[in-house]
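Listed below are the residues making up each chain.
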Amino acid sequence: MRTFILLALALSILTAQAAEVYRYVDEKGNTVFTDQPRAGAQRMVVEPAPATSVVVPVLPAAPQAPAKAPSKPGTEAFAGYLDLRITQPAPNEALVNTGGDVDVSLNLHPPLRADLGHGLTVLLDGAPVAQNSTRMNLVLNNVDRGDHVLEAYVQDGAGAVLIQSAPVRFTLQRPSLLQPGRQAPGAPLSPIPPPVPQLRPAP
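Residues numbered from 1 in each chain as written. Predicted model: local features only at pLDDT ≥ 70, side-chain atom pairs only at ≥ 80, totals over all residues. Heavy atoms only, no water.

Caption draft 1: Highlighting the packing of aromatic side chains. On inspection of all chains with the given rule, the structure shows 1 aromatic pair. Between Phe78 and Tyr81, the aromatic rings sit 4.9 Å apart at their centres with planes inclined by 65 degrees, giving edge-to-face as the arrangement. (Phe/Tyr/Trp six-rings, centres within 6.5 Å; stacked < 30°, edge-to-face > 60°.)

Here it is in structure tokens:
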């Protein structure tokens, strides 16, 4: 083992050309290699190792991912609706309209995805008054006087209900000018008749 280490040390001092190395044993019994000649040393000729070239491969650069184009509004993934409610009329509201018109407003979050085939249906007393609609505001015409219930729901193209609102109850009054003693909203008040003159008895 010691001899191998010394030989490796001797080889490390060689140049690229053939060199002379001298080997001898010192007074301690160690084998010594040196490039300096001395008495009793054995001359050795060491040929240089053949030159080798190392080719380092050039790795291609990793392809960059194409820039993701911003998604257009309405094309993002659909995760469901969170809230659907009827905001007009208010619950238990008493409405007065001679023609029976009722304004209906709805609030849906997130907005309706008509691009996915979703549509809105509005029910009045269980009967549809709007089907597969995209409108959040509508007017119901000629609604009968009395108590009514409004409901709404969103369904997909296959007819599955995705979300449903809570029912809203309201009352509609329809005054008529043809009914005596009833004044229509906004109509001018009837004039007060002048007092009827009273006849005095003859003396």
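Caption draft 2: Structural context of a nonpolar patch on the surface. A contiguous nonpolar patch, built from Phe78, Leu116 and Leu162 and spanning about 230 Å² of accessible area, is present on the exposed surface. Within the element layout of this structure, Leu162 appears in strand β11 (residues 161-164). (Patch = residues over 30% accessible without salt bridge, like charges linked within 9 Å, V, L, I, M, F, W, Y side chains within 5 Å. Areas by Shrake-Rupley, 256 points an atom, 1.4 Å probe, with all protein chains shown as cover. Salt bridge = Lys/Arg side-chain N within 4 Å of Asp/Glu carboxyl O. Helix = DSSP H or I, 4+ residues; strand = E, 2+ residues; numbered from the N terminus.)

Caption draft 3: Quick peek at the pattern of salt bridges. Enumeration according to the criterion identifies 2 salt bridges in this entry. For Asp83, the salt bridge is made with Arg85, and the minimal N-O distance between the two is 2.9 Å. Classification of Arg85 by relative accessible area gives partly exposed; the value is 45%. Asp115 is the partner of Arg113 in a salt bridge, and the nearest nitrogen-oxygen pair spans 2.9 Å. (Buried < 20%, exposed > 50% of the residue type's maximum accessible area, 1.4 Å probe, protein only.)

Caption draft 4: Region of the structure containing the nonpolar core. With 24 residues, the main nonpolar core has Leu84, Val102, Leu106, Leu108, Leu140, Leu150 and Val154 as its most contacted residues. Among the elements of the structure, β4 (83-88), β6 (102-109), β7 (119-124), β9 (137-140), β10 (146-155) and β12 (168-173) are those that each provide at least two residues to this core. Looking at this core, the element that brings in the most residues is β6, giving 4 residues. (Core = buried A, V, L, I, M, F, W, Y, C linked by side-chain atoms within 4.5 Å.)

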